[in-house]
Amino acid sequence: MKKFFSRAMVFAMAVLTVPSRIVFTSVGVATDISYCLCETDIRNDSDEIIGHVDATCGECGYDVKLCADCGGKYTVNTEPPTGDHDIYHTSKKPTCTKEGWTSERCYYCDLDIREYIPALGHDEVYHSGKAPTCTEKGFADYETCTRCNHTTYTVIPETGHVTVNRDGMAPTCSVQGYKPYVTCLNCDYTTFTVIPTIPHDLIHHDAKLPTCTEVGNTAYSTCKNCDYSSYSELPAFGHRLTYSNAQSPTCTEIGWDVYGTCRICGYSTYEEIPALGHDEVYHDAKSPTCTEIGWNAYVTCSRCDYSTYEEIPELGHDEVYHDAKSPTCTEIGWDAYVTCSRCDYSTYEGIPELGHDEVYHDAKSPTCTEIGWDAYVTCSRCDYSTYEEISELGHDEVYHDAKPPTCTEIGWDTYVTCSRCDYSTYEEISELGHDEVYHDAKSPTCTEIGWDAYVTCSRCEHSTYIIIPETGHTIVEHLPKTPTCTEIGWLAYDTCEICDYSTYIELPFQGHDIMSHERKIPTTTEAGYDAYESCTRCNYSTFTEIPPLEFELGDINGDKAVNSSDMILLSRKLAGADIATTSGADVNYDGVVNTSDMTILKRRLAGADIVIE
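Cut-offs and rules
Residues numbered from 1 in each chain as written. Predicted model: local features only at pLDDT ≥ 70, side-chain atom pairs only at ≥ 80, totals over all residues. Heavy atoms only, no water. Helix = DSSP H or I, 4+ residues; strand = E, 2+ residues; numbered from the N terminus. Rg over C-alpha atoms; globule rule 2.2 N^0.38 Å. Buried < 20%, exposed > 50% of the residue type's maximum accessible area, 1.4 Å probe, protein only. Contact = heavy atoms within 4.5 Å. Areas by Shrake-Rupley, 256 points an atom, 1.4 Å probe, with all protein chains shown as cover. Lys, Arg positive; Asp, Glu negative; His and termini not counted. Charge placed at Lys NZ, Arg CZ, Asp CG, Glu CD. Pairing = 2+ DSSP bridges. Axes fitted to C-alpha atoms, helices over the stretch in contact; angles between N-to-C directions. Arc of directions from axis to C-beta. Polar contact = N/O pair within 3.5 Å; in protein donor to acceptor, adjacent residues only side chain to side chain. Phe/Tyr/Trp six-rings, centres within 6.5 Å; stacked < 30°, edge-to-face > 60°. Lys NZ or Arg CZ within 6 Å of the ring centre and 35° of its normal. Core = buried A, V, L, I, M, F, W, Y, C linked by side-chain atoms within 4.5 Å. Salt bridge = Lys/Arg side-chain N within 4 Å of Asp/Glu carboxyl O. pLDDT = per-residue confidence, 0-100.

1. Section: the overall build of the chain
Across its full length, the chain carries two helices and 54 strands. Relative to the compact-globule value of 25 Å for 613 residues, the chain shows a C-alpha radius of gyration of 65 Å, a clear excess of over 25%. For the C-alpha atoms alone, the extent of the chain along its principal axes is close to 205 × 85 × 55 Å. Taking all 613 residues of the chain together, the buried fraction comes to 25%. Of the contacts formed within the chain by residues at least 6 apart in sequence, a portion of 35% connects residues at least 24 apart. Accessible area for the chain stands at about 39,100 Å²; split by element, carbon and sulfur atoms hold 51% of it. Across the chain, the 41 positively charged side chains and the 99 negatively charged ones have centroids separated by 19 Å.

Printed below as a string of C-alpha cells:
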C-alpha cells in the first residue's frame, strides 16, 4: 500500500518522494539539501523558507531555509518526531525444515515486530517398495515429502537368474519341436528356440463326384503321420423333381398324395396310401363236426358286398393211421394205432422212453489258433452229447508304441505281440545319424549370456553349445541433483558404460514459493511498479516497472502545479466537455478518469490526508 497525504499545504505544491509515501513540499525545493557557509549564530530568522519536511515516527520535521548572506541552504527543526509508525506487513512461509514469520515493519525506522511460525515438518507420503527381479533393481518401502525433496528411498540390487536346464522335443508334421533350453525359476527368462515342423508324408486320394444326396470331394492328400488333410468337400446337387397327381385309396386298391420324382436319380417322394381295407363286421366261426356242417369265422364289409363266408360240410370220421414207434433214450414209443383228425377218437397205447447209455470224453483247452472243449458225454444209442465247442482264443495282442529311430538308436513302427504265444509284427528301423545344423557365435552382454559357434542336430538334443556367462554392468555413478522451482532433479544413480542400464529416478520440480508484493505508484521523479509476485527460492518475478510520470498526479492542465485550476478543468471534462488533459487526471492512478479522481483532488486541495488502496 502506498500513502498520499498533505498537511496544511498551499495550492502551489510539488512532489517529494519518501520511501512508500509522497509528501507535498514547496515548489522548487531540491531533495539533496546542503548547508550554508555562515555561522549558525548569524543566521537571520527572516531567511526565506524554501521547503519543509514533515516529522516522521523517529525524525523531527524541519524547514529548509535559504541563507540571505551566502545563498546556501540549511535546515531548522520545527517539530519533534511524531512517534506514530507507518506500518507495512511482510511475511515468509515456513518450510518443512525452516521456520517462517510474519512481520510488522515501519517505512521510516528499524521497527520490526516478528511472529515466528514453526517449521512444518515433512508431509510424508508412504510408497510401497518394489522387490528386485533377476535383471532389475528394487527398492524398500520409502517415504517422500509432498513439499520438498526429502526421501528415504534405498536401492535393492537385482537378484540374477536362477536357471534350470530343460529337455528339447523333436518336431512332427503338425507340432513344432524345440531345442534343449534354459529357464529361470523366478522370471520368464528363457533360451527357448522353436524347431519348425517337418514335411508331411502325403497319401493321394482320388476325387469323387457328388450325387443328388451325397457330397463329393476334389482330389486331396492326407499325411501318414498326422491328421493333416487337404480334403475339400463338393456339395450334393439336390434332387430335380417332376410332380405326379394324387389318387385316393379304396377298400381294395392303394392311393397316394401328390409326389415328385427326381429326373436324375429316380428319387421319389411317393408315399403309398394303403387300400382302406374293408370296414369289416366280424362273424364268429362254427366248426363242422363229423355229423354237422360248420363255417370258419368270417367278415363282411359295411361299405361293399365283400364277405368271406364259406360253408363247411359235416365231416364224418377222418381216420388217421399212425405207425408204431419204438421208444428211444428220451422219447416214449407206441404200437400202430388210428385216430380221428377231427375228434378225440384214438387206439393209441404208449411205451416208456429208454434213457441214455452215456460215454465220457476228456476236455481239451483252446489255443490262440485252435478250438477247445470242456469234458462231455455222448450216448451210444443216439446223438445225445453235452459237447460245447470253445472257440480259438485269438491272439491276446499287446500294443507297442512306435519308436522313431534317432541319430544314435534304432527305431520301429507300431507293432503288436501276443501275451500267450510268440506272435509279433515287430520290424526294426535303422538309426539315422546326426543331421547337423550350424549356429553362429553370439557375444555375451552385460545381462545376457553368449556362446561360441556350435552345431546341433535337427532331430535330437545333440549339441556342442557351451555358455559364455554375461559380462555384468560396467557401472558409472552419477551425483544427485536437487530439483528447483522449474527444473527436475534426481537421486544419485548408476548407469552402464556398455548398455542402457540405469537406476535413474526423477524428482519433480518444486514450483515457485510465491511471495506477493503490493504495487508502488510512480512519481514524476521515481519509477513505480504494479503488484507482483516473486519466489523465495529463486529469481522468478512478475515485476514490471512503470516509468516516472510525465505529469504530477492532479496536474490536469500540465502547468506543473496542482491547484483549483486543475479541479475546474477536471469538472468540465467529467461534465462532457471536449477538453484535452494530461495523464495526471488519473489522480488515484487506477487507469480510469472518473468522479473518484475529482473527489480525491478536492480533498487533497482541502488539506486532507488521503490513502489510496
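So much for the structure itself; the text now carries on.
2. A short note on the sheet that holds strand β5 (residues 61–66)
Two pairing modes exist for strands in a sheet, parallel and antiparallel, and in both the strands are linked by backbone hydrogen bonds. Strand order across the open sheet formed by three strands is β4-β5-β6, with antiparallel pairing between neighbours. Of all the strands in the sheet, just β4 (48–53) and β6 (73–79) have a single pairing partner and so form its edges. Strand-to-strand twist in this sheet, taken as the mean axis angle between neighbours without regard to direction, amounts to 30 degrees. As defined by bridge partners, β5 adjoins β6 across six bridges and the pair is classed as antiparallel. Bridge pairing in β6 links Tyr62 to Asn77.

3. Brief notes about the sheet that holds strand β8 (residues 100–106)
Here three strands make up an open sheet; going across it, the order is β7-β8-β9 and the pairing antiparallel. The open sheet has two free edges, formed respectively by β7 (87–92) and β9 (112–117), since each of these has just one partner strand. Strand-to-strand twist of the sheet, defined as the mean angle between neighbouring strand axes without regard to direction, takes the value 15 degrees. Two elements, β7 and β8, share six bridges in a ladder whose sense is antiparallel. Bridging across to β8, Ser91 finds its partner in Thr102.

4. Some thoughts on helix α2 (residues 595–605)
Within α2, burial applies to Asp597, Met598, Ile600, Leu601, Arg604 and Leu605. Seen end-on, α2 carries its buried residues on one side only, within an arc spanning 165 degrees. Put simply, Asn594 is the residue that caps the front of α2, since its side-chain oxygen is 3.1 Å from the backbone nitrogen of Ser596. Of the residues one or two after α2, Gly607 is the one with positive phi, at around 95 degrees.

5. Concerning unusual backbone geometry
In this structure, Lys560 is a non-glycine residue whose phi angle is positive, near 70 degrees. For Lys560, the location among the structural elements is in the loop between β53 (545–546) and α1 (564–574). What makes Lys560 exposed here is its relative accessible area of 58%. If you check the backbone angles, Tyr589 has positive phi at about 55 degrees while not being a glycine. By the secondary structure assignment, Tyr589 is in the loop between α1 and α2.

6. What to know about the packing of aromatic side chains
Think of a pair of aromatic rings as described by two things: how far the centres are apart, and how the planes are tilted against each other in angle. A complete count under the given rule lists 26 aromatic pairs for this structure. Taken together, the aromatic side chains of Phe139, Tyr142 and Tyr153 make up a single cluster linked through ring pairs. Cation over ring: Arg114 sits above Trp101, and NZ or CZ is 3.8 Å from the ring centre. Looking at Lys442, its charged tip hangs above the ring of Trp451, at a distance of 5.4 Å from the centre.

7. What to know about the nonpolar core
Listed in full, the eleven residues of the largest apolar core are Ile556, Val562, Leu569, Leu570, Ile579, Ala585, Val587, Met598, Ile600, Leu601 and Leu605. Among the elements that line this core, the one with the most residues is α2, at four residues. With residues near it in sequence (within four places) discarded, Leu601 still touches Gly554, Ile556, Val562, Asp566, Met567, Leu570 and Val587. Counting residues in hydrophobic clusters, the runner-up holds five residues, among them Phe139, Tyr142, Tyr153 and Leu491.

8. Description of the environment of Val416
Within the fold, Val416 resides in strand β40 (residues 415–418). It is 9.3 Å that separates the C-alpha atoms of Val416 and Asp396, two residues lying 20 residues apart in sequence. Those residues in contact with Val416 that sit more than four places away from it in its chain are Glu397, Val398, Tyr399, His400, Tyr423, Ser424 and Thr425.

9. Concerning the pattern of salt bridges
According to the stated counting rule, one finds 13 salt bridges in the structure shown. Ionic pairing is found between Arg105 and Asp112, a salt bridge with its closest N-O pair at 3.9 Å. On the accessibility criterion, Arg105 (32% relative accessible area) is partly exposed. Asp112 sits in the partly exposed class, given a relative accessible area of 31%. Between Glu409 and Lys403 there is a salt bridge, with the nearest N and O atoms lying 3.3 Å from each other. Residue Glu409 is classed as partly exposed on the basis of its relative accessible area of 43%. Note on Lys403: relative accessible area 25%, which makes it partly exposed. When salt bridges that share partners are traced, they join Arg105, Asp112 and Arg114 into one network.

10. What to know about α1
Buried residues of α1: Asp566, Leu569 and Leu570, and no others. Each buried residue of α1 lies within a common arc of 100 degrees when the element is viewed along its axis, so the set occupies one face. Those residues of α1 that are buried are in contact with α2. Of the residues trailing α1, Gly576 is marked for its positive phi of about 110 degrees.

11. Focus on the confidence of the model for the chain
Mean pLDDT over the chain: 83, with 92% of residues reaching 70 or higher. Predicted confidence is poor over residues 1–34, with pLDDT under 50, and the contacts of this stretch with residues over four places away or in other chains come to 95 contacts.

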